[in-house]
There are 2 protein chains.
Amino acid sequence: MDLSRPANDLLELVALIVKGGSGRRDLSLTAVATLSSLDRQGPQRITTLATAEGVSQPSMTQLIQRLEQRGLVARGSDPADGRVALVTVTDQGRAALVARRQRNAERIAGLLADLPEPDVRALADALAAVLPTMRARVGPEASGQGGRGNRAERVDQPRF
Amino acid sequence: MDLSRPANDLLELVALIVKGGSGRRDLSLTAVATLSSLDRQGPQRITTLATAEGVSQPSMTQLIQRLEQRGLVARGSDPADGRVALVTVTDQGRAALVARRQRNAERIAGLLADLPEPDVRALADALAAVLPTMRARVGPEASGQGGRGNRAERVDQPRF
DNA sequence: GGCCCGTCGATAGGCATGCTATATAAATGC
DNA sequence: GCATTTATATAGCATGCCTATCGACGGGCC
């Protein structure tokens, strides 16, 4: 089956949605992903977060510092290893996450609201069928445990 | 009809796709969109590009300068109005655009390739049905001619 | 014609977020 | 107990965006 047309269509849809969210970002994409990871998986160390989000360790250190200043995360220490900094989401961080998700969902719902209902239904069903597999496909590779060196060992892949 | 589930699913799909494209970007999102606009609609002035892409005029000036240094666009002047700078894509710019699109399409096709064919077909059909309307819905609003002031007059909307 | 004002683009300065290279501190191995 | 490895922090730099403001051109009105 030829995937180029759906691939390009999907690409365009993503571009439309991402572009629609113009304006000042309160939280960067990486910040949201990091908070989300901390929310789902509990306290994690800096290096783990860095490799999971695909940024360098210093970048993650700085991101955590910014998030800490804003009260969205807290730092703890690992009783078993004095070097590690265990990062935790605060309630405020969780709230920011929820608010952010809701705004995005509303924006997208606004786009969908203009479409004929059968089309929306077809899209909804197709997404529901496809998402679990894509989650599984992307997830494991992105969260490869890594952390052996100081560097993130990333492929030089174009982003979007 | 309840749009929250499809909206959240779509959001997650976008997040998966955007996050999948980790790594060094050769061209920013705005750069690609600008080149694409120049390719589709021919030479345009800085201000028009800025409002169309939702960035400030100085940002667009700088982006065009960077793109010009890399040979991806060229500047001309409007014979009818000495103030305006008409920006054009070069062949090299078009080539960069094609290469970029192809890499992205391949990446997404790679994701789709893991899915059962009927699911892909359903998604492809749903996308094809939905895209024209969304294009129309998002396009006009984003390219409102504006240009009254120096400032871009943007709403403070969270991006993605 | 000459002046004022609006519009177009450029410049200056600042902030956020990423990077690489390297430093510091704790743990581990001989 | 000192060298090595590992976890994080710091320094310095690049990019891409912003606001504020400047200089240049164009158009209307006297």
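The structure under discussion appears in the preceding block.
What counts and what doesn't
- Residues numbered from 1 in each chain as written.
- Chains lettered and ligands numbered in written order.
- Predicted model: local features only at pLDDT ≥ 70, side-chain atom pairs only at ≥ 80, totals over all residues.
- Helix = DSSP H or I, 4+ residues; strand = E, 2+ residues; numbered from the N terminus.
- Buried ≥ 20, exposed ≤ 12 C-beta atoms within 10 Å, placed from the backbone.
- Contact = placed C-beta atoms within 7 Å.
- Pairing = 2+ DSSP bridges.
- Axes fitted to C-alpha atoms, helices over the stretch in contact; angles between N-to-C directions.
- Near = placed C-beta within 6 Å.
- Nonpolar A, V, L, I, M, F, W, Y, C, P; charged D, E, K, R; others polar.
- Core = buried A, V, L, I, M, F, W, Y, C linked by C-beta atoms within 7 Å.
- Parallel < 35°, antiparallel > 145°, perpendicular 65-115°, else oblique.
- Left-handed = near helix turned anticlockwise from the far one by under 90°.
- Expected span 1.5 Å × (residues − 1).
- Arc of directions from axis to C-beta.

Trainee: Sorry, what's going on with the overall build of chain A here?
Mentor: The number of helices and strands found in chain A is 6 helices and 3 strands. Beginning at the N terminus, the succession of helices and strands in chain A can be written as α-α-β-α-α-β-β-α-α. Taking all 160 residues of chain A together, 28% fall into the buried category. Here the analysis covers contacts within chain A between residues at least 6 apart in sequence; of these, 52% occur between residues at least 24 apart.

Trainee: Can you walk me through the sheet that holds strand S1 (residues 44-45) of chain B in this structure?
Mentor: Through backbone hydrogen bonds, the strands of a sheet pair up, either in parallel or in antiparallel fashion. All names here are of chain B. The sheet built from 3 strands is open, its strands ordered S1-S3-S2 with antiparallel pairing. Only two strands of the sheet have a single partner each, and these edge strands are S1 and strand S2 (73-78). In the packing of helix H4 (residues 57-69) onto the sheet, the strands contacted are S2 and strand S3 (81-89), and the crossing angle to S2 comes to about 120°.

Trainee: Where do I start with the protein's contact with DNA strand D in this structure?
Mentor: Inspection of the region around DNA strand D gives 25 residues, with Arg45 and Pro58 of chain A together with Thr30, Ser59 and Gly82 of chain B positioned closest. Of all the elements, H4 of chain B adds the most residues to the surface near DNA strand D, at 5 residues. Tallied by class, the residues present in the surface near DNA strand D amount to 7 nonpolar, 12 polar and 6 charged.

Trainee: Teacher, can you tell me more about the nonpolar core here?
Mentor: When a protein is soluble and globular, its nonpolar side chains tend to lie buried together. Judged by nonpolar contacts, the single largest core of 28 residues is most densely connected at Leu123 and Leu127 of chain A together with Leu123 and Leu127 of chain B. Of all the secondary structure elements, the ones that give two or more residues to this core are helix H1 (4-20), helix H5 (91-112) and helix H6 (117-142) of chain A together with helix H1 (4-20), helix H5 (91-112) and helix H6 (117-142) of chain B. The residues contacting leucine 127 of chain A, other than those within four sequence positions of it, are Pro6, Asp9, Leu10 and Leu13 of chain B.

Trainee: For this particular structure, what's the right way to read the protein's contact with DNA strand C?
Mentor: Contacts to DNA strand C come from 26 residues, most closely from Ser59 and Gly82 of chain A together with Arg45, Thr47 and Pro58 of chain B. Contributions of two or more residues to the surface near DNA strand C are made by helix H2 (29-41), helix H4 (57-69) and strand S3 (81-89) of chain A together with helix H3 (46-53), H4 and S3 of chain B. The greatest single-element share of the surface near DNA strand C, amounting to 4 residues, is contributed by H4 of chain A. Considering only residue class, the surface near DNA strand C consists of 8 nonpolar, 11 polar and 7 charged.

Trainee: Would you mind going over the packing of H1 of chain A against H5 of chain B with me for this structure?
Mentor: Between two packed helices, the angle of one axis relative to the other and the distance separating the axes together describe the packing. At a minimum axis separation of 8 Å, H1 of chain A and H5 of chain B run at an interaxial angle of 110°. Relative to H5 of chain B, the element H1 of chain A lies roughly perpendicular. For H1 of chain A against H5 of chain B, the interelement crossing comes out right-handed. On H5 of chain B, the residues touching Ser4, Pro6, Ala7, Asn8, Leu10 and Leu11 of chain A of H1 of chain A are Asn104, Ala105, Ile108, Ala109 and Leu112 of chain B. Of the residues assigned to the contact of H1 of chain A with H5 of chain B, the class counts are 8 nonpolar, 3 polar and no charged.

Trainee: Help me understand the environment of leucine 35 of chain A in this model?
Mentor: All names here are of chain A. Mapped onto the elements of the fold, leucine 35 is located in helix H2. With 23 C-beta atoms counted inside 10 Å, the residue leucine 35 sits in the buried group. The contact partners of leucine 35, leaving out residues within four places of it in the chain, are Leu72, Val89, Gly93 and Leu97.

Trainee: When you look at the sheet that holds S3 of chain A in this model, what are you seeing that I'm missing?
Mentor: Residues and elements named next belong to chain A. Strand order in the open sheet formed by 3 strands is S1-S3-S2, with antiparallel pairing between adjacent strands. Looking at which strands have only one partner, the edges of the open sheet turn out to be strand S1 (44-45) and strand S2 (73-78). One ladder, built from 2 bridges, connects S1 with S3; its direction is antiparallel. In the sheet register, arginine 45 faces S3, and the bridge partner there is leucine 86. Contacting S1, S2 and S3, H2 crosses the sheet at an angle of about 95° to S3.

Trainee: What is the right way to look at the pairing of S2 of chain A in this model?
Mentor: All names here are of chain A. In this sheet, S3 lies alongside S2 in antiparallel orientation, the contact comprising 6 bridges. If you follow glycine 76 over to S3, its bridge partner there is leucine 86. Here S2 hands over to S3 after 2 residues, the two strands then running antiparallel side by side.

Trainee: Help me understand the environment of arginine 121 of chain A, please; the structure alone is not making it clear to me.
Mentor: Tracing the backbone shows arginine 121 of chain A in helix H6. On a C-alpha basis, the gap between arginine 121 of chain A and alanine 80 of chain A in space is 52 Å, while along the polypeptide they are 41 residues apart.

Trainee: Looking at this structure, how should I read H2 of chain A?
Mentor: Helical geometry note: an α-helix holds 3.6 residues per turn, so side chains three or four residues apart project in the same direction. Residues and elements named next belong to chain A. Its 13 residues give H2 an end-to-end C-alpha distance of 18 Å, which sits within 8% of 18 Å, the value for a rise of 1.5 Å per residue. Residues of H2 that are buried include every one of Ala31, Val32, Ala33, Thr34, Leu35 and Leu38, and no others. Glycine 42 sits one or two residues past H2 and shows a positive phi near 80°.

Trainee: Explanation requested: H4 of chain B in the structure shown.
Mentor: Residues and elements named next belong to chain B. Given a rise of 1.5 Å per residue, 13 residues ought to cover 18 Å, and the 18 Å separating the end C-alpha atoms of H4 matches this to within 8%. All of the buried residues in H4 are Met60, Leu63, Ile64 and Leu67. What you see down the axis of H4 is that its buried residues fit within an arc of 100°, all on one side. Those residues of H4 that are exposed and aimed more than 90 degrees away from the buried face are Pro58, Gln62, Gln65 and Gln69. Those residues of H4 hidden inside the fold are in contact with helix H2 (29-41), H3, S2 and S3. Directly after H4, the chain includes glycine 71, whose backbone phi takes a positive value near 80°.

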